[in-house]
There are 2 protein chains.
Amino acid sequence: MQIQTENDAFVTMLREVVDPQDLQIGADIPATALRDWSDERGGVPLALVQPRTTAQVSAVMALCHAHGQPVVPQGGMTGLAGGAVPSTGAVLLSLRNIAGVEELNDAAGLMTVGAGTPLQVIQEAAAENGLMFGLDLGARGSCQIGGNIATNAGGNRVIRYGMTRDLVLGLEVVLADGTILPMMNKMPKNNAALDLKHLFIGSEGRLGIITRAVLRLHPGVGGANTALIALSGFDAALKLLRHAQTALSGRVSAFEVLWNDYYRSVTTIGGVRAPLGAEFPLYALIDMQGADPDAEAPAFQAMLERAMESGWALDVLLAQSQSDVLDFWALRDNVAELQRSFSPMINFDISVPQSQIGDCVERIRADLAQKFPGLANLYFGHIGDSNLHILVGPTPADDPDGRQVEACVYDVTRSFGGSISAEHGIGLHKKPWLSYSRSEAELSVLRQLKDTLDPTGILNPGKVL
Amino acid sequence: MQIQTENDAFVTMLREVVDPQDLQIGADIPATALRDWSDERGGVPLALVQPRTTAQVSAVMALCHAHGQPVVPQGGMTGLAGGAVPSTGAVLLSLRNIAGVEELNDAAGLMTVGAGTPLQVIQEAAAENGLMFGLDLGARGSCQIGGNIATNAGGNRVIRYGMTRDLVLGLEVVLADGTILPMMNKMPKNNAALDLKHLFIGSEGRLGIITRAVLRLHPGVGGANTALIALSGFDAALKLLRHAQTALSGRVSAFEVLWNDYYRSVTTIGGVRAPLGAEFPLYALIDMQGADPDAEAPAFQAMLERAMESGWALDVLLAQSQSDVLDFWALRDNVAELQRSFSPMINFDISVPQSQIGDCVERIRADLAQKFPGLANLYFGHIGDSNLHILVGPTPADDPDGRQVEACVYDVTRSFGGSISAEHGIGLHKKPWLSYSRSEAELSVLRQLKDTLDPTGILNPGKVL
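The name given to chain A in an unreviewed UniProt entry is FAD/FMN-containing dehydrogenase, with the source organism recorded as Salipiger aestuarii. Under the heading Sequence similarities (unreviewed entry), UniProt records this for chain A: "Belongs to the FAD-binding oxidoreductase/transferase type 4 family."

(A) How the structure looks around the pairing of strand 14 (residues 282-290) of chain B. All names here are of chain B. Taking burial as the measure, the 9 residues of strand 14 include 9 buried ones, the bulk of the element. In this structure, strand 12 (residues 223-231) lies alongside strand 14, joined through 9 bridges in antiparallel fashion. Bridge pairing in strand 14 links Asn 225 to Met 288. Inspection of the sheet shows strand 13 (residues 254-259) paired to strand 14 by 6 bridges, in the antiparallel sense. By the bridge assignment for strand 14, Trp 259 is matched with Leu 282.

(B) Region of interest: the packing of aromatic side chains. Residues and elements named next belong to chain A. Evaluation of the coordinates by the stated rule reveals 14 aromatic pairs over all chains. Plain terms: the ring middles of Phe 280 and Tyr 283 are 6.0 Å apart, the flat faces sit at 85° to each other, and that makes the pair edge-to-face. For the pair Phe 280 and Tyr 283, one class covers both residues: buried. Through successive ring pairs, a cluster of aromatic residues spans Phe 348, Tyr 410, Trp 433 and Tyr 436.

(C) Representation of the relation of the copies chain A and chain B within the structure. Of the transformation superimposing chain A on chain B, the axial component is 0.0 Å and the angular component is 180°, with the fit at an RMSD of 0.0 Å. The transformation just described matches what one would write down for a two-fold rotation axis. No C-alpha of chain A lies nearer the rotation axis than that of His198(A), which sits 3.1 Å from it. By residue overlap, the copies meet face to face through one surface: 100% of the interface positions of chain A are interface positions in chain B.

(D) Quick look at the interface of chain A and chain B. Contacts between the two partners involve 84 residues from chain A and, on the opposite side, 84 residues from chain B. Between chain A and chain B, a total of about 6,200 Å² is buried, with carbon and sulfur atoms accounting for 59% of that surface. The largest per-residue losses of area from chain A upon contact with chain B belong to Lys189(A), Asn191(A) and Leu194(A), which jointly make up 15% of the total buried on that side. At the junction of chain A with chain B, the criterion picks out 6 salt bridges. Asp385(B) is the partner of Lys189(A) in a salt bridge, and the nearest nitrogen-oxygen pair spans 3.7 Å. For the pair chain A and chain B, the number of links is 36 residue pairs in polar contact (both at pLDDT 80 or more). Taken together, the residues of the side of chain A that touches chain B break down into 34 nonpolar, 35 polar and 15 charged.

(E) The arrangement of helix 2 (residues 54-67) of chain B in detail. Residues and elements named next belong to chain B. Over its 14 residues, helix 2 extends 20 Å from the first C-alpha to the last, a length consistent with the 20 Å expected when each residue adds 1.5 Å. Of all the residues in helix 2, the buried ones are Thr 54, Gln 56, Val 57, Ser 58, Val 60, Met 61, Leu 63 and Cys 64. Positioned one or two residues after helix 2, Gly 68 has a phi angle of 60°, which is positive.

(F) Local environment of the environment of Ala284(A). All names here are of chain A. You can see Ala 284 is positioned in strand 14 (residues 282-290). Separated by 25 residues in sequence, Ala 284 and Trp 259 place their C-alpha atoms 8.9 Å apart. Aside from chain neighbours lying at most four places away, what touches Ala 284 is Ala 227, Leu 228, Ile 229, Leu 231, Leu 240, Phe 255, Glu 256 and Val 257.

(G) Region of the structure containing the domain arrangement of chain A. Residue and element names in this part refer to chain A. Along its sequence, chain A is organised into domain 1 (2-94), domain 2 (101-219), domain 3 (223-333) and domain 4 (342-442). Across the contact, 7 residues belong to domain 1 and 6 residues belong to domain 4. Carbon and sulfur atoms make up 63% of the surface buried where domain 1 meets domain 4, a total of about 480 Å² over both sides. When the area that domain 1 buries against domain 4 is broken down by residue, the three leading residues are Glu 40, Leu 80 and Ala 81, summing to 79%. The interface formed by domain 1 and domain 4 contains 0 salt bridges. Our count for the domain 1 to domain 4 interface comes out at 3 residue pairs in polar contact (both at pLDDT 80 or more). Counted by class, the side of domain 1 that touches domain 4 contains 3 nonpolar, 2 polar and 2 charged residues.

The rules we used
Residues numbered from 1 in each chain as written. Chains lettered and ligands numbered in written order. Predicted model: local features only at pLDDT ≥ 70, side-chain atom pairs only at ≥ 80, totals over all residues. Heavy atoms only, no water. UniProt positions renumbered as here; feature names shortened; annotations may be inferred. Buried < 20%, exposed > 50% of the residue type's maximum accessible area, 1.4 Å probe, protein only. Helix = DSSP H or I, 4+ residues; strand = E, 2+ residues; numbered from the N terminus. Pairing = 2+ DSSP bridges. Phe/Tyr/Trp six-rings, centres within 6.5 Å; stacked < 30°, edge-to-face > 60°. Least-squares fit on C-alpha atoms with pLDDT ≥ 70 in both. Contact = heavy atoms within 4.5 Å. Buried area = accessible area lost by both parts, 1.4 Å probe. Salt bridge = Lys/Arg side-chain N within 4 Å of Asp/Glu carboxyl O. Polar contact = N/O pair within 3.5 Å; in protein donor to acceptor, adjacent residues only side chain to side chain. Nonpolar A, V, L, I, M, F, W, Y, C, P; charged D, E, K, R; others polar. Expected span 1.5 Å × (residues − 1). Domains from an automatic or database assignment.

Here is the structure:
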């Protein structure tokens, strides 16, 4: 039982650098640390540590580095790619105890937070000060900002506020060997040499552990003008988007497109009320947030009228109440019932150059129909951000893990120069397909960076590459 | 004369990988390749090569890598930090022959260009298609997009459109050893592993050579609403900015603040008309670009009226004509005459957390007054982006290179957690001060990245670090 003894000895050392209540082993490790929101299963971890300070994170990492001990950083465990599930024998390092708003600078519109702070706490703190944090996604109550940054999370408002990357001014990171890298920049402009924080945003815990962040806030919003629009096809969707962004000076805060097959399914099987008839090829859900939505309503309505006159819109429903807004958004958000009906289902998250999304949908649809007759495939997405989601299911009996279905979709994605992951990251789930979206030269540089910043390979081993 | 012989042999090899007319040596190297817009002087270069294709850049780099031959990448030579001036014996690699718009995708709002394309060509191509490229700076006619990207250029519109980094979707880069790194991504969302392009944006030619880029375009603008506003102090400027951004839903496209000393100088020595009296502590120049400025005028004026009512603005002049707009902007732009009057002058480009800029100005003013009585120091800047410019001069006779003046300004900058370079970069000019804005841990990672991507240290040696 030498291995057991070695593990015991290592755990004893860990106990010396974190408080006793912040270390669990074996059956005491809570189930929430073992799985994320994907179907990916990890291995059996050695321990869970939940340090309370950056210095403790540094001490844990120095110890793990010295002993070649693998470490899996964890946030709110809401990822969809298995990026934070345990690897066998790993130390799970949760940031949940380094949480809270340290500073909210009202005048400058920035906030300093611990990595374990839930997204919703950040959103609410901003709103209480008449500001807003531009990141929003379904997991807002559970996900943590450190995880959002480590995966460069996207979500509902990217078209207006950008990805998480665009909302981060500064970071504090602990490197694999325990070195603390202080980059808590508070300035939108800082060209004093290369901006190193971008090494860690979207690195999925492979190059360092994010412990604190300085976030950029936006002007507060009091509501939105919202409309559901029937379209003749994808070209009309692009024309409408271009028209709306020009007429509204870039204030469009959501532009979601639903293909007819998705719209039919969500308004029948999905149980959502159909505000417009189901006979249109495409539907767009568009909104424009603002501090004073009533004052901005005339510009929004004028934009829609012009879209009707120009033939880009076949029909328009303007939300007249909060109830309308919820109804319209339910079309986009209530996919849970669909997922049950078509289970086991794959939810694809690809991106394709915007002008080619329409063609890409047709190609994927045709290829799936040929290879997997009768398989449901439903299309919707954040088209303003080039992001297409596809629900496909139930996976065929002779392809239980969906690999052949994935190959079919990703073959087409690759042929359009698209990405196998728009916003969910790679983790374990998309690791087999990474070469579809990255060249060998890029993979080589990724490996070199890993070797440079984590020479013993202890940070989140087995993920991404 | 062994060295001469070795050089001759190397030049002979270079001739084999580029066209004869694209290689110059000795006195044939044009003076424009020897200096940028800073006062930094470089050494005597070995040769100037101006490849016409990425493959030629790759061949040049492979050759230089194999022979340990230093290379200085060059764009339009408009930099203000000496980042592209020759080092002794270096091969100057100009991108000017890899130029032009390869693709302008109207629907998606993106453009593919060669690195040598002048910024103004890009701006005009976008405008011809009803779109706009968000980067704008004084050197627009001469600077090249490759240099803008390599230095992460800022400029006049950062508050609305971001830095150059925010306008780049994809890059093609040639690494030090000649490897071509294809990252010509066209999607706003792409989380298929770490986004490697950020290693090269702002790297000042030290980690790779940018050969092509995919740029993001914004909705076209037809003009702007513009106003000049008198303020009681810096707190009022922050309140006005916050109010304007909220009321206009983030459409503010410039927010320039001029301190009284600057305003007095530019309207007397500078020869610019003073639209408002010179008795106010601070002045703000604000504009809001839009597709239809007339339609947006009521919102802009309502914002200004509310600012007057709330006491954030002491006086407001709304531009009534293009002539007014030019007059207002002349206050910000006509620094050439000031520079002549106070020559030799240092133009500082620092950034400081936005809410502390007012205090920082007072501290710098007090410290300069104490250490250098009678030295002129004038303050203005892109306050919406945390960026402060300071004109200081004439430099004292006993401090001819301005080092002691710089030390005084940068000491205060450091004490506020600011940056010695907001938008100009480090190059040669700010290299002695880099440790004021970057920790030893950060400098160590910068060195590791350099060793990893350019192990023989041939790319732009002696710059930045």
